[in-house]
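Report on the structure
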Amino acid sequence: MTQTMLSELTTAAVGGPAGTFVEARTEAEIIDAVRSADAAGEKLLIIGGGSNLLISDAGYPGTVLKIASQGFTVNSEDSCGGVSVVVQAGHNWDALVEHSVLHAWSGLEALSGIPGATGGAPVQNVGAYGADVSQTIAAVRTWDRERNAVQTFTNSELKFGYRDSILKQTTIQGSPRYVVLTVEFQLALGRMSAPIRYAELARSLGVEAGKRAYSNDVRREVLRLRASKGMVLDASDRDTYSTGSFFTNPIVPAAAAASLPEGAPQYPAGSDGLVKLSAAWLIDQAGFAKGFGLDPASVSGGRASLSTKHTLAITNRGEARAEDMVAIAREVRRGVVERFGIELHPEPLLIGLAL
Ligand SMILES: Cc1cc2nc3c(=O)[nH]c(=O)nc-3n(C[C@H](O)[C@H](O)[C@H](O)COP(=O)(O)OP(=O)(O)OC[C@H]3O[C@@H](n4cnc5c(N)ncnc54)[C@H](O)[C@@H]3O)c2cc1C
C-alpha cells in the first residue's frame, strides 16, 4: 500500500506520511469518515487546501481527512435581499470569489487569490486588503464531533475576531471539534465592490479609501498586488511555497506600542485601547530582510527562507523539511523579541511541531 505524503497536500510542500488517508467528496462521506475515526478513538486531522498547515516530517499518525466536497447552491437572489449562496466546504475558495465577481455578487472581491477551500475560510476568519469573511458569512453548518450531531452557527455565534473564530478555538486533541460542512454567504447584488478599506488597494484603484470600485477591477488589482508579494499560488515561483503570512500581526496594549520607534505602523484594535502592529515591519526592522535564510550557512541550510518578496512568509526553496521552516520562524521570533520585546505568534496550525 502506498502512503500518502502530506507534503503533497500542503502549499508549503512539507510534511511526512499520513497514518490513514481518506478523501470525502460529499457531506455524507465527511460525516461518515469523522464518525468512524472518532468511534475508533483515532486522532483526526482535517485538511482542506492545506494552505494554513505546517506538518512535521514525521507525518500524522492518525486519520487525515481531506475535505473534497464541491459546488454551491443559490438559495435566493433578488434585488432586495441580495444573494444567499451555500457553498460546500471543499469548494476552492478563489473559484467561488471569481464566480461571485463574474455574476455581480458583491462582497468577496477583496479576498481574491487566497488559497484553500471554502470550509477553511471561517476557521481563521480569512482576511486581506481590509476585508474578511466575517463581513459576508451568514451561517456555517458543521458536524459537532462531541455531540455527534449537525450544528449550525449564525454569524454572531461564530465569535469572529482577527484571524479567529469559535471553530479555531474549539478543538479535540488539537483537531477541530466542529467540522465545517457548508458555509452560507449573504452578498449584495451589483457590479460595485464593498467599500475599499485598505489604503494601498484604494491607491492602486485610484479611488479614495472608503469608496467603491468595480468588483472586477478590485479583483484584478488584488491579484496583481498579491502576486507581487508572492501571495498567489504559482508552481513556478518558490516564494509561494508557504503558508502565507507565518505570523499574525501582534495586538498589544497601547503602552507597549508607545515604546516602539517612530514610524512603526499601528492601528486601533477594538475598544479597550489595544493596538495592532505590523508583524512584517517588526521583522524587517529587527534585521530580517526579504530572503533571510537563503544563505546555505543559515539556520535552515538555505533550504527555507523568508520570501524574497515579503518578510512575513516562510518559504520552502525546494528541499526544505518542516524543521527548516521552523528554524527560520524561531530565529525571526527570537530576533523580534530581542529588538522590540514583542512576541510573534504563528498563524498556521503547527502539527507535531513547536516554535
Ligand atoms: C500563498 C498564501 C497566501 C495566503 N494569503 C492569506 C490571506 O491573505 N489571508 C488569510 O487569512 N490567509 C491567507 N493564507 C492562509 C490560508 O490560505 C487560509 O487560512 C485558508 O483559508 C486556509 O484554508 P485551507 O482550506 O487551505 O485550510 P487548511 O490549511 O487545510 O486547514 C487550516 C485549518 O483549518 C482547519 N480546517 C480546514 N478545513 C476545515 C473544515 N472543513 N472544517 C473544520 N476545520 C477545517 C484545519 O484542520 C486547520 O486547522 C494564505 C496562504 C498561502 C499559502
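Residues numbered from 1 in each chain as written. Predicted model: local features only at pLDDT ≥ 70, side-chain atom pairs only at ≥ 80, totals over all residues. Heavy atoms only, no water.

**Topic: the overall build of the chain**
Defined as follows: Helix and strand definitions here come from DSSP, where helices need a minimum of 4 consecutive H or I residues and strands a minimum of 2 consecutive E residues; each element is numbered from the N-terminal end. We compute the radius of gyration over the C-alpha atoms and compare it with the globule rule, which gives 2.2 Å times the number of residues raised to the power 0.38. We call two residues contacting when some pair of their heavy atoms lies within 4.5 Å. Per-residue and other accessible areas were derived by the Shrake-Rupley procedure at a 1.4 Å probe size, with only the shown protein chains allowed to occlude residues. We count Lys and Arg on the positive side and Asp and Glu on the negative side, and we leave His and both chain ends out. To locate a charge, take NZ of a lysine, CZ of an arginine, CG of an aspartate or CD of a glutamate.
If you tally the helices and strands in the chain, you get eight helices and 20 strands. A compact globule built from 355 residues should have a C-alpha radius of gyration of about 20 Å, and the chain, at 20 Å, falls within 12% of that. Here the C-alpha coordinates of the chain stretch approximately 55 × 50 × 40 Å along the principal axes. Considering only intrachain contacts with a sequence separation of at least 6, the fraction spanning at least 24 residues in the chain is 59%. Counting every atom, the chain has about 15,500 Å² of accessible surface; 50% of that belongs to carbon and sulfur. With 32 positive and 37 negative side-chain charges, the chain shows a separation of 2 Å between the mean positions of the two kinds.

**Quick word on helix α2 (residues 93-102)**
Filter applied, for reference: To sort residues, take the accessible area from a 1.4 Å probe on protein chains only and compare it with the maximum for the residue type: under 20% means buried, over 50% means exposed, and anything in between is partly exposed. Picture the helix axis, draw a direction to every C-beta atom, and the arc is the one those directions span. As used in this structure description, the phrase polar contact means that two N or O atoms lie within 3.5 Å; if the pair is within protein, one of them must be able to donate a hydrogen and the other to accept it, and residues adjacent in sequence are counted only when both atoms belong to side chains.
Buried within α2 are the following residues: Trp-93, Asp-94, Leu-96, Val-97, Ser-100 and Val-101. Along the long axis of α2, the arc covered by the buried residues comes to 155°, so they all point the same way. Buried residues along α2 sit in contact with β5 (72-78), β6 (82-88), β7 (105-106), β14 (178-189) and α5 (215-228). Of the residues that open α2, the one with a side-chain oxygen 3.1 Å from the backbone nitrogen of Asp-94 is Asn-92.

**Re unusual backbone geometry**
You will see that Ala-104, though not glycine, has its phi angle at about 55°, which is positive. Here Ala-104 shows up in the loop between α2 and β7. One non-glycine residue, Gln-173, lies in the positive phi region at around 50°. Classification of Gln-173 as exposed rests on a relative accessible area of 63%.

**What about the site of the ligand?**
For the record, the criterion: We call a residue near a molecule or strand when any one of its heavy atoms sits within 4 Å of it. In the scheme used here, Gly and all other residues not listed as nonpolar or charged are polar, with Ala, Val, Leu, Ile, Met, Phe, Trp, Tyr, Cys and Pro taken as nonpolar and Asp, Glu, Lys and Arg as charged.
Among the 34 residues in the neighbourhood of the ligand, the closest are listed as Gly-48, Gly-49, Ser-51, Asn-52 and Gly-127. In this structure, Gly-127 approaches the ligand through a main-chain N or O atom, which is 2.7 Å from a nitrogen atom. Side-chain polar atom of Arg-226 to a nitrogen atom of the ligand: 2.8 Å apart, as the coordinates give it. Relative to its unbound accessible surface of 960 Å², the ligand loses 95% to contact with the protein. Counting residues per element, the shell around the ligand draws most heavily on β14, at three residues. Its residues assigned to classes, the shell around the ligand comprises 18 nonpolar, 13 polar and three charged.

**Remarks on the pattern of salt bridges**
Heads up, the rule is: Any carboxyl oxygen of Asp or Glu within 4 Å of a side-chain nitrogen of Lys or Arg constitutes a salt bridge here.
Here the structure, examined in full by the defined rule, presents 20 salt bridges. As a salt-bridge pair, Arg-145 and Asp-38 come within 2.8 Å of each other at their nearest N and O atoms. Remark: Asp-38 occurs in helix α1 (residues 27-39) and Arg-145 occurs in the loop between β10 (137-144) and β11 (149-154); sequence separation between them is 107 residues. Judged by relative accessible area, which is 24%, Asp-38 ranks as partly exposed. Among the salt bridges present, the one from Asp-237 reaches Lys-309, with a minimum N-O distance of 2.8 Å. Of this pair, Asp-237 sits in the loop between α5 and β15 (251-253) while Lys-309 sits in the loop between β18 (304-306) and β19 (314-316), and the two are 72 residues apart along the sequence.

**Points about the pairing of β5**
The test is simple: Here, strands pair whenever DSSP counts at least two bridges between them.
Pairing analysis gives six bridges linking β5 to β6, with the strands arranged antiparallel. The residue of β6 that forms the bridge with Glu-77 is Val-83. Two successive antiparallel strands, β5 and β6, enclose a turn made up of three residues.

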